[in-house]
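# Structural features, examined
Spelled out from the first residue to the last, the chains are:
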Amino acid sequence: MNPETHATAATSFLRDAERTGWHDQALWFVRQKRDLAAHAVPEWETLRDLASAIKRHTVSRLAQYLEEFERRAADNGVVAHWARDAAEHNAVVLGILRGRGVRRLVKSKSMLTEECRLNPFLERNGVEVVETDLGERIVQLAGEEPSHIVMPAIHRKKEEVAALFHRTLGTREDPDPVYLAEAARRHLRGLMASADAALTGVNFAVAETGAMVVCTNEGNADVGAHLAPVHIASMGLDKVIPRTEHLGVFLRLLARSATGQPVTAYTSHFVTPRPGAELHVVIVDNGRTAQLGRPDFRESLHCIRCGACLNTCPVYRRSGGHSYGVTVAGPIGAIVAPGLDLAAHASLPFASTLCGSCADVCPVKIDIPGQLYRWRQVAVAGGQVSWRKRLGMRLLGATLASVSRYERAGRLVRLLLRRAPGVIGHPALDPWSRSRELPPAPKESFREWYRRERGAR
Amino acid sequence: MNGRVALFVPCYVDQLYPQVARATLELLDRHGVGVEFPPEQTCCGQPMANAGCERDALETARGFVRTFAGYDYVVSPSGSCVHHVRHHYDVLEQTDEVREVRARTFELCQFLVEVLKVEDPGVAFPHRVGVHVGCHAQRGLRLGESSELGGRPGGVMRVLLERVRGIELVELDRFDECCGFGGTFCVTEETVSVRMGQDRVSDHARHGAEVITSGDMSCLMHMDGIIRRQRLPIRVLHVAEILNGGTV
C-alpha cells in the first residue's frame, strides 16, 4: 500500500484548522453557485438523463466513434495520432515539436498532459513549457501540481498568489485579484506571442464532424492556438461524442455544474488548421481501454471533468486536492485512479463516507458511491489493505454470524467500556477517542432487557 | 394494519443504545403494531461490507435473511442498515426469500408515514431541535430530497417531527451535509471524520439547537462524542425517542 495514504496527507492538510475552513467554504460557495444555475433550468434532470444515455451509448461503440472522428478530422486536414499510454503521448508530442524546431510551447486546459507528466518530460528535452491558464500558471510558478481539475490553484489564497507573483514576476505585493489578473495577462501575452507551438486539451471531440471543442473562461487557449504555427490537441479517448447536436446537452451541463456559469466565456470549435499552420490531435488511451473492460467501473468513462463532485465532496473540501496524490482528485479520481494502479491508490476508495452527494451533482449521473463501494471490495480481494484490518474484519464477520458469539462479544465490549475506558479509549490505540468521547456502556443490552421483560426464549 | 411485523435492532444500538430500541418498540406499540423481536438477529453485515470485506459479511447477511424471512414487514430504527439490506444484498443469491426480505425491510419513519399512514405522532417536545438525516436515508433510500437535486429540508422524518407539539425545528446552513461518521471511515480517516463532525455540530449549535435528532444512531454517536468532548450544551436523541414522547 502507498505509504502516503489519503488519510496521512489529509491529516497534514487539516493541521491548519483555519485554512481548512476557508478551503471548505471556498468550494461550498462554488457548489452553491452550481445549485442556483442548475435549478434555474427546469429540464435539468432531463438533461442529466440524456447526457448519461448519450455517454452510455458512446462508450458501448467507442471504437466506431473514434474511428469516425479520426476519418473526419483527417478529411479536415488534421493530423491524428494514437497513443497507447503516457510515454507514447509524450513521445508523439516531442516528435512534432522537434520536427518544427520548437523551443517554447504554450499550453492551456489540459489535465491529460498533467496525467501524462508531459511538462517535466519536455523540459528534460529542452522545450520550455508555459502554462497560460491563470490557475495552471500559478501552480507552475509555485512548482506545484493542480489541486482541482477545473480550478487548479483553488488551494491558494490571493495573498499567496500576490507573494508568488512578486517573487517570480516582479509585481508589487498586492492581493487585489484585478491587479493580479492584469499582471498575469501582461506576463503571458508576450510569451504567447512568441511561442512556436500551442497545446490544448479537448472537452468534446465530435465524431460526425471531426471538430474539437475546447471550453475556457480566459481565452488563452484560443490566443495560443491562433498565434502559433502548430496547434496540438491532446484528448483522452473518452472525449468523443457522436454528433454535434449532443453538444447542446453537454455544454448546458458542463459550465453550470463546474462553476455555476450558464456557459464558459469561450467555447471554441477547432475544425481545420489555419492556412499555413498545422493542427494535430493526439488520442490517448492510458488505461481507459482497461477501464472499459471492467463492467463494474466502465461508467467512470462517462465523466466530462466538470469538477462538481470535488466541490460537493465533504471529504475533498476538508482534505484538499493534493491529499489524493493523483491528477484527478476527489470522488471521480477515487474511482479512476485504482484502475490505473490499484496498489498505489488503494486508499482512495476508502477516502469517502459514501454520502452520495457526488452522484447527485454529477451531470452524467455516474454512480460514484456505488463504484467506491465496489473498488473497496476489489482492493481487499487484491490484498491491498493491512493484514490487521483483514483479520479484524474476518473476526468481526465470524462474531456477527453467530448470535451466541455476538452476545458474548457485546457483553465484553460493554464491560471494557465501563471498567477500562482509559485503556479501550487510549488515544494511542483508539483513533476514535482522540477528539471524541466514547459511547455510553449500558449494563444491559436491549435483547437482555427484552428477554427479561417480554419473556422471549 | 395486517401482517406480522419484526423489529430489527442494529447491533450497536442493541449493545450501546438499548433505550433507542425500547423507544422504537414502544412507539410501534403505541401505533397499534404488535411487533416481534426475533432473538436470532445480530447485524445486517454492513460494518464488514463497507470496509471492503463483503465476503466476511456473507454469513451475517444470510443470517439476517433467515431470521426475517416470513415476516410481512421488517422495521428498523436505522436508515443506514436498511439501505444496506436493500442496496447491497446483491452479493447474495437472489432467491425469492432474499428478494422478499429486501423489499419488506423499512426504515422506521418511512414505515410510520408510508405504511401506517401516521399523521399525528400525538406527542409533545417543547425544544429547539436540529434534524440530521443520515446520508443513506437521504440519498440512498431517498427518504428526503437532497439539496443537489433542488430539495429543501423535508422527508418522512421531518414530516413527523413537524407535527410534534411545541417543537421548534431549526434551519441549518447546510441541511444535508454529511456528519463524517462513515463506518470504519471514522477511525481510518479519523482527522477528516472529526472535522466533518465538528462542522456539522457547529451548524446545529450556531442555529441554537438544544437537541440534534436523527433516524441513525451511528451519526448521533459520532456527533455526541464530539459534543461531549467539547462540552457543548446539546443533547442527541434518536427520532424514535422523541416520537415516543421522550423528554430531554
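Residues numbered from 1 in each chain as written. Chains lettered and ligands numbered in written order. Predicted model: local features only at pLDDT ≥ 70, side-chain atom pairs only at ≥ 80, totals over all residues.

## Some words on the overall build of chain B
Stated precisely, the cut-off is as follows: In DSSP terms, a helix is any run of H or I states spanning at least four residues, a strand is any run of E spanning at least two, and both are numbered starting from the N terminus. The quantity called the radius of gyration is restricted to C-alpha atoms. Its globule counterpart is 2.2 Å times the number of residues to the power 0.38. Exposure criterion: with C-beta atoms placed from backbone coordinates, a residue whose C-beta has 20 or more other C-beta atoms within 10 Å is buried, one with 12 or fewer is exposed, and one in between is partly exposed. Think of it this way: build a C-beta for each residue from its backbone, and any pair within 7 Å is a contact.
Counting its regular elements, chain B contains 13 helices and eight strands. Taking 248 residues into account, the globule formula puts the C-alpha radius of gyration at 18 Å, and chain B, at 17 Å, falls close to it. Each of the 248 residues in chain B was classed as buried or not, and the buried ones make up 60%. Partitioning the intrachain contacts of chain B with sequence separation of at least 6 by distance along the chain shows that 76% fall at a separation of at least 24.

## Some thoughts on the overall build of chain A
Across its full length, chain A holds 23 helices and ten strands. Out of the 457 residues in chain A, the part that is buried amounts to 48%. Excluding contacts between residues fewer than 6 apart, the proportion of contacts in chain A whose partners are at least 24 apart in sequence is 74%.

## As for the domain arrangement of chain A
By a widely used convention, the size of an interface equals the accessible area lost when the partners come together. All names here are of chain A. To keep things clear, this is the line we draw: Note: domain ranges come from an automatic or database domain assignment.
Assigned domains of chain A: these are domain 1 (1-32 + 290-385), domain 2 (41-286) and domain 3 (403-454). Between domain 1 and domain 2, the C-alpha centre-to-centre distance is 23 Å. Those elements that provide at least two residues to the side of domain 1 that touches domain 2 are helix H2 (17-39) and helix H14 (308-312). Broken down by element, the residue count for the side of domain 1 that touches domain 2 peaks at four residues, all from H2.

## Overview of the sheet that holds strand E1 (residues 5-7) of chain B
All names here are of chain B. Let me state the cut-off plainly: Only when DSSP finds a minimum of two bridges between them are two strands counted as paired. Axis definition: a line fitted to C-alpha atoms, limited for helices to the stretch in contact. Angles are taken between N-to-C directions and run from 0 to 180 degrees.
If you walk across this open sheet you meet the four strands as E2-E1-E3-E4, and the pairing is parallel. The sheet is open, and its two borders are formed by strand E2 (35-36) and strand E4 (105-107), each paired with just one other strand. In this sheet, strand E3 (residues 73-76) lies alongside E1 in parallel orientation, the contact comprising three bridges. Each residue of the ladder has a partner; that of Ala-6, found in E3, is Val-74. Packing of helix H7 (residues 108-115) onto the sheet brings it into contact with E3 and E4, and relative to E4 it is tilted by some 100°.

## So, helix H9 (residues 158-169) of chain A
All names here are of chain A. Under the convention used in this document: Arc definition: directions from the helix axis to the C-beta atoms.
Taken residue by residue, H9 has Val-161, Ala-162, Leu-164 and Phe-165 as its buried positions. Relative to the axis of H9, the buried residues are bounded by an arc of 165° and lie together on one face. Those residues of H9 that are exposed and angled more than 90 degrees off the buried face are Glu-159 and Arg-167. On its buried face, H9 is in contact with helix H8 (134-142) and helix H10 (177-193). Positive backbone phi, at 75°, marks Gly-170, one or two positions downstream of H9.

## Describing unusual backbone geometry
Positive phi is not limited to glycine here, since Arg-305 of chain A has a value of about 60°. Inspection of the secondary structure assignment puts Arg-305 of chain A in the loop between helix H13 (288-292) and H14. Its identity as a non-glycine residue notwithstanding, Arg-142 of chain B has a phi of 60°, on the positive side. Residue position: Arg-142 of chain B is located in the loop between helix H8 (135-140) and helix H9 (156-162).

## Regarding the interface of chain A and chain B
Quick reminder of the rule: Three classes are used: nonpolar for Ala, Val, Leu, Ile, Met, Phe, Trp, Tyr, Cys and Pro, charged for Asp, Glu, Lys and Arg, and polar for all others, with Gly counted as polar.
Each partner contributes residues to the interface: chain A has 55 residues there, and chain B has 55 residues. Of all elements in the fold, only helix H1 (6-14), H2, helix H15 (314-319), helix H18 (357-361), helix H19 (368-381), helix H20 (387-400), helix H21 (403-419) and helix H23 (446-454) of chain A reach the threshold of two or more residues within the side of chain A that touches chain B. Of the residues assigned to the side of chain A that touches chain B, the class counts are 30 nonpolar, 13 polar and twelve charged.

## A short note on the environment of Trp-449 of chain A
Among the secondary structure elements, Trp-449 of chain A is positioned in helix H23. For Trp-449 of chain A, a count of 18 C-beta atoms within 10 Å gives the class partly exposed. Leave out the neighbours within four places in its chain, and Trp-449 of chain A touches Glu-444 of chain A together with Pro-18 and Arg-22 of chain B.

## Focus on the confidence of the model for chain B
Test applied: How sure the predictor is of each residue is captured by pLDDT, a score from 0 to 100.
When pLDDT is averaged along chain B, the result is 97, and 100% of the positions lie at 70 or above. For this predicted complex, the interface confidence reaches an ipTM of 0.97, while the overall pTM sits at 0.97.

## Describing the pairing of strand E7 (residues 230-236) of chain A
All names here are of chain A. The buried fraction of E7 amounts to seven of the seven residues, a majority that puts the element mostly inside the structure. Of the two faces of E7, both are covered, the one formed by Val-230, Ile-232, Ser-234 and Gly-236 as well as the one formed by His-231, Ala-233 and Met-235. With three bridges joining them, strand E4 (residues 197-200) and E7 adopt parallel strand pairing. Looking at the pairing, Ala-198 lines up with His-231 of E7. The sheet contact formed by E7 and strand E10 (residues 278-284) spans seven bridges and is parallel. Residue pairing across strands places Gly-236 opposite Val-284, the latter belonging to E10.

## A closer look at the domain arrangement of chain B
All names here are of chain B. Split by domain assignment, chain B resolves into domain 1 (5-115) and domain 2 (128-243). Taken over C-alpha atoms, the centre of domain 1 sits 21 Å from the centre of domain 2. Taken together, the 26 residues of domain 1 in the interface contact 21 residues of domain 2. Put simply, the parts of the chain that give the side of domain 1 that touches domain 2 at least two residues each are helix H1 (11-16), helix H2 (18-30), helix H3 (46-50), helix H5 (79-88) and H7. At six residues, H5 tops the list of elements feeding residues into the side of domain 1 that touches domain 2. Looking at side-chain class alone, the side of domain 1 that touches domain 2 contains 14 nonpolar, ten polar and two charged residues.

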